[in-house]
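# Per-entry structural report
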Amino acid sequence: MAGGIRGMGESAISIKGLKKDYNVGAGEVHALRGIDMEIACGEFVCIAGKSGSGKSTLLNLVAGLESPTDGSINVLGQRIDRMSEIERIRFRRSHIGFVFQSYRLLPQYTAIENVALPLMLRGVEKRERERRALEALDMVGIAKCARQRPAQMSGGEQQRAGIARSIITSPAIVMADEPTGNLDTATGEMVLTLFQKLFRQNGTTLMIVSHDDDMPRHVDRTIRLSDGALIGEGINA
Ligand SMILES: Nc1ncnc2c1ncn2[C@@H]1O[C@H](COP(=O)(O)OP(=O)(O)O)[C@@H](O)[C@H]1O
Ligand SMILES: [Mg+2]
């Protein structure tokens, strides 16, 4: 799988002097104030911090959804901060999977259609993409929901579909922005256990954003942000 291209210990993500300012009515918001960070291939890292500390901004910059104000971002050996918008979109579709707090499933589509969407964007034909989507739904334990629309599914089922969608292209890196934020404790635990099962064996690199104190049990390292700056990190047993 794509996750195994680079060896464990090699750098998956390397960030230097990363800054992001937003212009707002009154002036500027310094969302990131100069971040340095190295994440190894296959590592599970939690980005922790209060609301507004810059966690989502960091994820969006690493995924190339936004451009930095200053600094460099190297992902899988490529300088994404130097890419054009088109190059970034291609790069993201090939190498990065996303899981969101709000699931972001399309309401008019069934689970299988939602999961197959990244393959549709790649031009994979319908029968093949639905075969692979069903396989992914089975891996996350909700093959039975294949023909249901999001409104007919529980929050936990919707997030499992979101995870199935994130892995359908076998990305080297998965980014999860508060993936358990809308779930009860037990269901959130199930989602985190699922990440372990799906990603560890493939050597997938996981960046997971959380303000949940339980996260250290599920990741290798926790990096703390406060007010756009890195204020500490801890290696987890
Ligand atoms: N598009 C934007 N325009 C203006 N300010 C933004 C934008 N996105 C984020 N911010 C600001 O940047 C800071 C960090 O936000 P964010 O990265 O969303 O934090 P977190 O995910 O940790 O809650 C906050 O002050 C937020 O209001
Ligand atoms: Mg956020």
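Residues numbered from 1 in each chain as written. Chains lettered and ligands numbered in written order. Predicted model: local features only at pLDDT ≥ 70, side-chain atom pairs only at ≥ 80, totals over all residues. Heavy atoms only, no water.

## Here we look at the sheet that holds strand E1 (residues 11-24)
Taken in spatial order, the four strands line up as E2-E1-E4-E5 in an open sheet, and their pairing is antiparallel. Looking along the sheet, the strands with just one partner apiece sit at the ends: strand E2 (27-40) and strand E5 (78-79). Direction of pairing for strand E4 (residues 70-75) relative to E5: antiparallel, over a ladder of two bridges. When the bridges of E5 are listed, Asn-74 appears paired with Arg-79. Relative to the sheet, helix H1 (residues 55-62) contacts E1, E2 and E4, its axis offset from that of E1 by approximately 120 degrees. (Pairing = 2+ DSSP bridges. Helix = DSSP H or I, 4+ residues; strand = E, 2+ residues; numbered from the N terminus. Contact = heavy atoms within 4.5 Å. Axes fitted to C-alpha atoms, helices over the stretch in contact; angles between N-to-C directions.)

## Quick word on the environment of Lys-197
Assignment of secondary structure puts Lys-197 in helix H6 (residues 185-200). Taking relative accessible area as the criterion, Lys-197 reaches 49% and is therefore assigned partly exposed. C-alpha of Lys-197 to C-alpha of Pro-68: the two residues are 129 residues apart in sequence and 33 Å apart in space. (Buried < 20%, exposed > 50% of the residue type's maximum accessible area, 1.4 Å probe, protein only.)

## Remarks on the packing of aromatic side chains
This model, assessed by the stated rule, comprises three aromatic pairs. Taken together, the ring pairs in this structure connect Phe-44, Phe-195 and Phe-199 into an aromatic cluster. (Phe/Tyr/Trp six-rings, centres within 6.5 Å; stacked < 30°, edge-to-face > 60°.)

## Here we look at the side chain of Ser-53
You can see Ser-53 is positioned in the loop between strand E3 (44-48) and H1. Accessibility expressed as a relative area gives 3% for Ser-53, which makes it buried. Non-local contacts of Ser-53, meaning those with residues more than four positions away in its chain, are made with Ala-31, Leu-225, Ser-226, Asp-227 and Gly-228.

## Quick word on the state of the cysteines
Going through the model one piece at a time under the given rule, you end up with zero disulfides. Looking at the unpaired Cys-41, the closest cysteine sulfur is the one in Cys-46, lying at 19 Å. Cys-41 gets classed as buried once you look at its relative accessible area, which sits at 4%. (Disulfide = S-S within 2.5 Å.)

## Some words on the environment of Ile-163
Tracing the backbone shows Ile-163 in helix H5 (residues 155-167). The exposure class of Ile-163 is buried, given its relative accessible area of 0%. Ignoring any residue separated from it by four or fewer positions in sequence, one finds Ile-163 in contact with Val-99, Val-140, Val-191, Leu-194, Phe-195 and Leu-198.

## What to know about the site of ligand 1
Around ligand 1, the structure places Tyr-22, Val-24, Val-29, Ala-31, Lys-50, Ser-51, Gly-52, Ser-53, Gly-54, Lys-55, Ser-56 and Thr-57. A distance of 2.8 Å is found between an oxygen atom of ligand 1 and a side-chain nitrogen or oxygen belonging to Lys-55. Summarising the interface, the protein chains cover 61% of the accessible area of ligand 1, which totals 560 Å² for the free molecule. For the shell around ligand 1, the element with the highest residue contribution is H1, accounting for three residues. Class assignment for the residues of the shell around ligand 1 results in four nonpolar, six polar and two charged. (Near = heavy atom within 4 Å. Polar contact = N/O pair within 3.5 Å; in protein donor to acceptor, adjacent residues only side chain to side chain. Areas by Shrake-Rupley, 256 points an atom, 1.4 Å probe, with all protein chains shown as cover. Nonpolar A, V, L, I, M, F, W, Y, C, P; charged D, E, K, R; others polar.)

## Quick look at unusual backbone geometry
Phi at Arg-104 takes a positive value of approximately 55 degrees, unusual for a residue other than glycine. By secondary structure assignment, the location of Arg-104 is in the loop between strand E6 (96-100) and helix H3 (111-121). The exposure class of Arg-104 is exposed, given its relative accessible area of 51%. Despite not being glycine, Ser-170 has its phi angle at roughly 50 degrees, a positive value.

## Some points on the sheet that holds E6
The six strands are arranged E6-E7-E8-E3-E9-E10 in an open sheet whose pairing can be described as mixed. Strands at the two margins of the open sheet, each flanked by one partner only, are E6 and strand E10 (229-235). On average, each strand axis in the sheet is tilted by 20 degrees relative to the strand beside it, whichever way the strands run. With four bridges connecting them, E3 and strand E9 (residues 221-226) associate as parallel partners. Counterpart to Cys-46 in the pairing with E9 is Thr-222. Each of E6 and strand E7 (173-177) is contacted by helix H2 (residues 85-95), which is oriented at about 80 degrees to E6, the strand it contacts most.

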